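Reading the structure
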Number of protein chains: 2
Amino acid sequence: MNIHIENDANAVSALQLTLARLRQALDDHPQLKDQFTLTENSDPTQTASFLVESDILWSGRKLEIDSFDTPRLGWVQVMSAGVEQWLAHWRDGITLTNASGVHGDKGAEFILMASLMFNFGMPGFLQDQTLRLWRPSFGGCARGKTVMLLGVGGIGAAAANLLSAQGYRVLGVTRSGKCEADVAGCITIDDVDDFLPQVDVLVSTLPLTPQTHQLFDRRRLGLLSAHAGVVIVGRADVFDYTALREMLTAGELAGAVLDVYPQEPLPQDDPLWGTPGVIMTPHCSLDDHSAYLESCLDVFIDNLARYRQQTPLRNQVDTVRGY
Amino acid sequence: MNIHIENDANAVSALQLTLARLRQALDDHPQLKDQFTLTENSDPTQTASFLVESDILWSGRKLEIDSFDTPRLGWVQVMSAGVEQWLAHWRDGITLTNASGVHGDKGAEFILMASLMFNFGMPGFLQDQTLRLWRPSFGGCARGKTVMLLGVGGIGAAAANLLSAQGYRVLGVTRSGKCEADVAGCITIDDVDDFLPQVDVLVSTLPLTPQTHQLFDRRRLGLLSAHAGVVIVGRADVFDYTALREMLTAGELAGAVLDVYPQEPLPQDDPLWGTPGVIMTPHCSLDDHSAYLESCLDVFIDNLARYRQQTPLRNQVDTVRGY
């Protein structure tokens, strides 16, 4: 079997999997040592010639699989958690595994930070600072406040555990209405509207699927109270950013901590940059480059053993469901 | 015995102790019920006439005790943790108790938030946002980073426990080199210089005393690495704010989360408002008005029972040491 590594030549070196590193990882596992041939490429003009002879693909950049001839390809491991762009050009019969779970530790810390920032009124104080206004306000502790987590996958579950340990009341929202993390309660998306008015912090780690696209439109955002904050670290297109921006400007929400945007990089003339209450990070708050490649490689090596034994893979994407 | 309540007429009502509330609290304790006469005042021109006939004082505003005739006064309970302004006008033989510990829960959460903000590069991203610059950076998790806590009293101990639970390596700094909170290590102020280069976040909850005044001058701040952040929630005059501002402007520190200032409110023309990397809250991040009065009252009622039994009071200030 041939494993092909497709690297992104524009990525930092910490995110490029070398032949030597993969060889070393395989050699460390008796079951996998000497079982595979390996190829590597980062020249897009050469990709097709590699894919035609590959059984397994590790990919560090997005490919339109249906545009290639892939007679032997059975499985693709990607380095992202979100896969909607892959699925838009997929080929039936190929297994897809993603990097879900790799973002958990750092993502949970970021969500805790953002939740605390709302509790301490940071969106308002940051704005007051630019206006040189001294306007103290004396709120209570964060513990006991309600955080709704949209999505309780790798990041969401880690965040649920961290927030609950911190004393937050955590409401999980999942497709099934069940989740295995430490939450006060878990509901389905159908019941979200009933709970939104009591939410202090709304956090989305949701993937983009046909079901989640624009799920939080103007009407649904309007169910949040004016003191609520919104944290978006999943896919941006789950939310109506125009409505979000207009509600923040009108003071109908306390603030938004955003790591993702409908267009990235966010265009310089986008009014979101200067919207009151918006605190922005440039799509980097969940990725830990110092650990990312190794975490992905852990998943991949584990999956290689499973693949040879024909047991179910970790992080396998349901290509119909979309995540 | 007469207990006199001196309220601050300019304070919000949530911070004013009424006669009815104190009477109710006393009535709830069989030992204290019907043991005291009570007076209350918020008119500064009348304060002297009340103090001359009082044995115990609860004060919601600062008084120059040595300017009053206090023949019976044996004990003063104040509503602040810092007492340097009281001690500047003190009278020997009177016991002083403060509100130390009342700020612990909220203060610890604020310190955790600030520490996480440095980990996620918020001082830089907030600045980039104003400049509409998209400059991602992919750092690691907060856990494992080193926080030095200057002062491990009520707030510091609560912060130590919270930060350690979060996976931070916490170094406590106390007068004795010992502390009872959950820390990786505890040192005296004499050893601080040796440890400063390895600090990721420096947090001060120190009171202002002759020993702490300008303790962090330009030389000592210069021992911090350029990626370190500074959080000041104790007294401002422990730090040289001019040096701090100049070092931030020069990029010699990653940022500062400040709740206290050499002059408050901070004058509109103070350059600190616009200093890169500075995140400001207006001296309100440790006080929880919804719980503050009741927390202070808990201390006071407990101390009243101790005072009658002539056992040591909680939160008694060492008037020589200064806290």
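For the structure, check the block above.
Presented here is a report on the structure given in the accompanying data block. What you are looking at is a predicted structure, and each value in this text was computed from that prediction instead of being measured. (Residues numbered from 1 in each chain as written. Chains lettered and ligands numbered in written order. Predicted model: local features only at pLDDT ≥ 70, side-chain atom pairs only at ≥ 80, totals over all residues. Heavy atoms only, no water.)

**Quick notes on the overall build of chain A**
Applicable threshold: Working definition: helices are DSSP H or I runs of at least four residues, strands are E runs of at least two. Numbering for both runs from the N terminus. Only protein chains enter the accessibility calculation, which uses a 1.4 Å probe; a residue whose area is less than 20% of its type maximum is buried, one above 50% is exposed, and one in between is partly exposed. Only heavy atoms enter the contact rule, under which two residues are in contact if any of them lie within 4.5 Å. For accessible areas, the Shrake-Rupley method is used with a probe of radius 1.4 Å. Any residue's cover is judged against the shown protein chains and nothing else.
Within chain A, the secondary structure is distributed over ten helices and twelve strands. Counting the 323 residues in chain A, one finds 54% classified as buried. Restricting the contact set of chain A to residue pairs at least 6 apart, pairs at least 24 apart contribute 59%. By element, 48% of the accessible surface of chain A is carried by carbon and sulfur atoms, the whole surface being about 13300 Å².

**Looking at the packing of helix H4 (residues 104–119) of chain B against helix H6 (residues 154–165) of chain B**
Residues and elements named next belong to chain B. Formally: Angles run from 0 to 180 degrees between N-to-C directions of axes, and those axes are lines fitted to C-alpha atoms, restricted for helices to the stretch in contact. An angle below 35 degrees is read as roughly parallel, one above 145 as roughly antiparallel, one from 65 to 115 as roughly perpendicular, and any other as oblique. In this scheme the crossing of two helices becomes right-handed for a clockwise turn of the near helix relative to the far one and left-handed for an anticlockwise turn of less than a right angle. Throughout, the ten residues Ala, Val, Leu, Ile, Met, Phe, Trp, Tyr, Cys and Pro are labelled nonpolar, Asp, Glu, Lys and Arg are labelled charged, and all others, Gly among them, are labelled polar.
In the contact formed by H4 and H6, the axes pass within 8 Å of each other and the chain directions differ by 55°. Between H4 and H6, the angle falls in the class oblique. Along this stretch, H4 crosses H6, giving a crossing that reads as right-handed. When H4 is examined against H6, the residues Gly104, Gly107, Ala108, Glu109, Ile111, Leu112 and Ser115 are found in contact with a partner set consisting of Gly154, Ile155, Ala158, Ala159, Leu162 and Leu163. Class assignment of the residues belonging to the contact of H4 with H6 gives a composition of eight nonpolar, four polar and one charged.

**Considerations on the sheet that holds strand E4 (residues 75–78) of chain A**
Residues and elements named next belong to chain A. Definition in use: One bridge is not enough; two strands pair if DSSP finds at least two bridges between them.
If you walk across this open sheet you meet the five strands as E2-E1-E3-E4-E5, and the pairing is parallel. Of all strands in the sheet, those with a lone pairing partner are strand E2 (37–41) and strand E5 (95–97), marking the two edges. Between one strand axis and the next, the sheet turns through 15° on average, direction left out of account. Each of strand E1 (2–6) and E2 is contacted by helix H1 (residues 19–27), which is oriented at about 155° to E2, the strand it contacts most.

**Some details on the environment of histidine 89 of chain B**
Residue and element names in this part refer to chain B. Looking at the secondary structure, you find histidine 89 in the loop between helix H3 (84–87) and strand E5 (95–97). Histidine 89 sits in the partly exposed class, given a relative accessible area of 24%. Histidine 89 sits 26 residues away from leucine 63 along the chain, and the two C-alpha atoms are 8.1 Å apart. In contact with histidine 89, not counting residues within four places along its chain, are Glu64, Ile65 and Asp66.

**With respect to the relation of the copies chain A and chain B**
Mapping between the two copies of the chain is achieved by a rotation about an axis and a shift along the axis. Note the following rule: The superposition of copies rests on a least-squares fit of C-alpha positions from residues with pLDDT of 70 or more in both.
Least-squares fitting of chain A to chain B yields an RMSD of 0.1 Å, with the transformation described by 0.0 Å of translation along the axis and a rotation of 180°. Viewed as a symmetry operation, the transformation between the two copies matches a two-fold axis. Among all residues of chain A, the one whose C-alpha sits closest to the rotation axis is methionine 113 of chain A, at a distance of 2.7 Å. Here 100% of the interface residues in chain A have copies in chain B that are interface residues too; the copies meet face to matching face.

**Thoughts on the sheet that holds strand E10 (residues 229–232) of chain B**
All names here are of chain B. Within the open sheet, the seven strands sit side by side as E8-E7-E6-E9-E10-E11-E12. Their pairing is parallel. Looking at which strands have only one partner, the edges of the open sheet turn out to be strand E8 (185–188) and strand E12 (278–280). When strand polarity is set aside, the average angle formed by the axes of neighbouring strands in this sheet is 15°. Alignment of strand E9 (residues 201–204) against E10, held across four bridges, turns out to be parallel. The partner of serine 204 across the bridge, within E10, is isoleucine 232. On top of the sheet, H6 reaches strand E6 (146–150) and strand E7 (169–174); it is set at about 170° to E6, its chief contact.

**Observations regarding the interface of chain A and chain B**
Quite often, the size of an interface is put as the accessible area lost when its parts meet. Just so we agree on the cut-off: Computed with a 1.4 Å rolling probe, the buried area is the accessible surface lost when two parts are put together, summed over both parts. Salt bridges, as used here, are contacts in which a Lys or Arg side-chain nitrogen is within 4 Å of a carboxyl oxygen on Asp or Glu. Within 3.5 Å is the distance limit for a polar contact, defined as a pair of N or O atoms, with the added protein rule that one can donate a hydrogen and the other accept it, and that residues adjacent in sequence qualify only through two side-chain atoms.
Every contact between the two is made by 51 residues of chain A and, on the other side, 52 residues of chain B. In total, chain A and chain B occlude about 4600 Å² of area from one another, counting both sides; carbon and sulfur atoms represent 66% of this. For the interface between chain A and chain B, the tally reads two salt bridges. Notably, a salt bridge pairs arginine 143 of chain B with glutamate 109 of chain A, separated by 3.8 Å at the nearest N-O pair. At the junction of chain A with chain B, the criterion picks out 16 residue pairs in polar contact (both at pLDDT 80 or more). Contributing elements (two or more residues each) for the side of chain A that touches chain B: helix H4 (104–119), helix H5 (122–131), strand E12 (278–280) and helix H10 (289–309) of chain A. In terms of residue count, H4 of chain A provides more of the side of chain A that touches chain B than any other element does, nine residues in total. Here the residues of the side of chain A that touches chain B are counted per class, giving 26 nonpolar, 13 polar and twelve charged.

**Brief notes about H6 of chain B**
Residue and element names in this part refer to chain B. The condition is simple: In a helix, the anticipated span is given by 1.5 Å times the number of residues less one.
For H6, which comprises twelve residues, the first-to-last C-alpha distance of 17 Å matches the rise-based estimate of 16 Å (1.5 Å per residue) to within 8%. Inspection of H6 places Ile155, Gly156, Ala159, Ala160, Leu162, Leu163 and Ser164 among the buried residues, and these make up the whole buried set. Turning to H6, the residues buried within the fold contact H4, E6 and E7.

**What to know about the environment of leucine 149 of chain A**
Residues and elements named next belong to chain A. When you line up the elements, leucine 149 lands in strand E6 (residues 146–150). The spatial distance from the C-alpha of leucine 149 to the C-alpha of glycine 82 is 17 Å, given a sequence separation of 67 residues. In contact with leucine 149, other than residues within four places in its own chain, are Gly156, Ala159, Ala160, Leu163, Val170, Leu171, Gly172, Val173 and Val203.

**Description of the packing of aromatic side chains**
Put simply, the test is: Stacked, edge-to-face and tilted are the three classes for Phe, Tyr and Trp ring pairs, Trp counted by its six-membered ring, which pair at centre distances within 6.5 Å; planes under 30 degrees apart are stacked, over 60 edge-to-face, the rest tilted.
Enumeration according to the criterion identifies 16 aromatic pairs over all chains in this entry. Summarising the aromatic geometry, the rings of tryptophan 86 of chain A and tryptophan 90 of chain A are spaced 6.3 Å apart at their centres and angled 80° between planes, so their arrangement reads as edge-to-face. Judged by its relative accessible area of 13%, tryptophan 90 of chain A falls in the buried class. Ring centres 5.3 Å apart and planes at 70° place the aromatic pair tryptophan 58 of chain B and phenylalanine 300 of chain B in the edge-to-face group. Here phenylalanine 300 of chain B lies in helix H10 (residues 289–309) and tryptophan 58 of chain B lies in strand E3 (residues 56–59), a separation of 242 residues in the sequence. Grouping residues by exposure puts tryptophan 58 of chain B and phenylalanine 300 of chain B together as buried.

**So, the nonpolar core**
In plain terms, the rule: What makes a nonpolar core is a set of buried Ala, Val, Leu, Ile, Met, Phe, Trp, Tyr and Cys residues whose side-chain atoms join them at distances within 4.5 Å.
Counting 62 residues, the largest nonpolar core has Leu116 and Leu163 of chain A together with Leu116 and Leu163 of chain B as the members making the most contacts within it. Setting aside its immediate chain neighbours within four residues, leucine 163 of chain A contacts Ile111, Leu112, Ser115, Val147, Leu149, Tyr168 and Val170 of chain A.

**Examining the pairing of E3 of chain B**
Residues and elements named next belong to chain B. With burial as the criterion, each face of E3 is covered, one bearing Ile56 and Trp58 and the other bearing Leu57 and Ser59. Of the strand pairs in this sheet, strand E1 (residues 2–6) and E3 are connected by four bridges, and their pairing is parallel. Note on E3: the bridge partner recorded for glutamate 6 is serine 59. Judged from the four bridges that link them, E3 and strand E4 (residues 75–78) form a sheet pairing that is parallel. Of the residues in E4, the one forming a bridge with serine 59 is valine 78.

Just geometry here; none of it tells us what the structure is for.
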